[in-house]
Amino acid sequence: MDAPLSLSPLLTIDRLTMRFGGLTAVNAVSLQAQARQITAIIGPNGAGKTTLFNCLTGFYRPTAGTIRLQCQGEIIDVAGLPAYKIARLGIARTFQNIRLFSTMTVLENLLVAEHRHLMPASGYSFAGLLGLPNYRAAEKAALEKARLWLDRLMLVKVADRLAGSLPYGMQRRLEIARVMCTDPVLLCLDEPAAGLNPAEAIALREMIAKIRDEFQIAVLLVEHNMSVVMEISDHIVVMDYGKHIAAGSPDAIRHDPAVIRAYLGEPEAQVA
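Novice: Help me understand the sheet that holds strand S6 (residues 91-93) in this model?
Specialist: Through backbone hydrogen bonds, the strands of a sheet pair up, either in parallel or in antiparallel fashion. The mixed open sheet is built from six strands, whose spatial order is S6-S7-S8-S3-S9-S10. In the strand order of this sheet, the two ends are held by S6 and strand S10 (243-248), each with one partner. Averaged over all neighbouring strand pairs, the angle between strand axes comes to 20°, with direction disregarded. Here strand S3 (residues 38-42) runs beside strand S8 (residues 218-222); their pairing, made up of four bridges, is parallel. Bridging from a neighbouring strand, Ile41 pairs with Val222 of S8. Here helix H7 (residues 168-180) sits on the sheet and contacts S6 and strand S7 (186-190); the angle it forms with S7, its principal contact strand, is near 155°.

Novice: Which parts of the structure should I look at to understand the nonpolar core?
Specialist: Generally speaking, a soluble globular protein has its nonpolar side chains buried in company with each other. Ranked by size, the top nonpolar core spans 36 residues in total, and within it Leu174, Ile176 and Met180 carry the most contacts. A total of six residues in this core trace back to one element, the largest contributor, which is helix H8 (residues 198-215).

Novice: Can you help me understand the packing of aromatic side chains in this one?
Specialist: For any two aromatic rings, the description comes down to two numbers: the centre-to-centre distance and the angle of the planes. Counted under the stated rule, the structure contains three aromatic pairs. Residues Phe20 and Tyr60 carry aromatic rings whose centres are separated by 5.3 Å and whose planes lie at 80° to one another, so their mutual orientation is edge-to-face. Residue Phe20 is found in strand S1 (residues 11-20), and its partner Tyr60 is found in the loop between helix H1 (49-56) and strand S4 (64-71); the two are separated by 40 residues along the sequence. Judged by relative accessible area, which is 34%, Phe20 ranks as partly exposed.

Novice: Can you walk me through the environment of Ala258 in this structure?
Specialist: Following the sequence through the fold, Ala258 ends up in helix H11 (residues 257-264). Take Ala258: its relative accessible area is 21%, and that puts it in the partly exposed class. When the C-alpha atoms of Ala258 and Asp240 are compared, they prove to be 9.7 Å apart, with 18 residues separating the residues in sequence.

Procedures and definitions
Residues numbered from 1 in each chain as written. Predicted model: local features only at pLDDT ≥ 70, side-chain atom pairs only at ≥ 80, totals over all residues. Heavy atoms only, no water. Pairing = 2+ DSSP bridges. Helix = DSSP H or I, 4+ residues; strand = E, 2+ residues; numbered from the N terminus. Axes fitted to C-alpha atoms, helices over the stretch in contact; angles between N-to-C directions. Contact = heavy atoms within 4.5 Å. Core = buried A, V, L, I, M, F, W, Y, C linked by side-chain atoms within 4.5 Å. Buried < 20%, exposed > 50% of the residue type's maximum accessible area, 1.4 Å probe, protein only. Phe/Tyr/Trp six-rings, centres within 6.5 Å; stacked < 30°, edge-to-face > 60°.

By themselves, these are just geometric observations and shouldn't be taken as functional.
Following this line, the structure appears as C-alpha cells:
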C-alpha cells in the first residue's frame, strides 16, 4: 500500500504572473503538486508552460504571485530566489533543449551534479588535492550514487563515453540521471519526450513512473506527448495563452470542453 500523502501540498503556486514588457506570458496561474505524485502541465505551444517552469526554478523572477514549497516542515516562498538556492531546497529540473557537458564523460556529468557535497568536503581545494579522509568518504559516496543512477537508467555500458557522443535517447536519460544525483524532492521535467521515437517514449514514461514509485518524490511534468501524460499522470493542469483553464484527472481532462477547444479550436459556425 502506498504511503499516505501529506496533508498539505508539496508545492503551491498562487496567482503567478510573469510579464515581459507588454506581454503577459503567465497570467495569475494557480496550481498545486502533491508529494509522491506526477503532476503534468499541458497546453498548446506558447501557453506559458516553460515560462512557469523558469519562474519556479529561479531562472525568471516572477512579476507577481507566490511559489510555496513544503520543505522539512517549513513553508518557504521560493518566488524570486536565485536558481542555486531553489536547487538547494530540492527543486531540480531538466530542459527542453538538452544541456549536458558534452565533452565530459557520462560518469563525470553525474559527479558534477554532486558538487554541493564534494566541494565542502574538499575544503574547496586542499582536502581534495591531499586526499584527506573526509574527502575520500564524500567521493566514495558520490561514486556510489552515480553508479546507482547509471544502473537505473541503463547507462552503465556508456559510463566512460563522452556525453556528446551518445544517441539522443541516451542523452535524455543521462540528463534525468544527472538531476536525480542532486536528491530532489520535486523533479521538474521540461518536455523529456521531445525528439524520442515511440518506443523510447514508452520506456521514458515507465522510467518516470518507476522513479516516482521507488524514490517517493514528486514530479512536475511539462509535455506535449499525450500518451506519456495520460498514462502516468496523477493530476493534470491545462494552460492556454498564459492562463489556467482546467485541472483534474487524466480522464476528466480528456473530456473537458475547454481543453478540447484549446487543442482543436472552436468549431466553425454552420451556415444556414
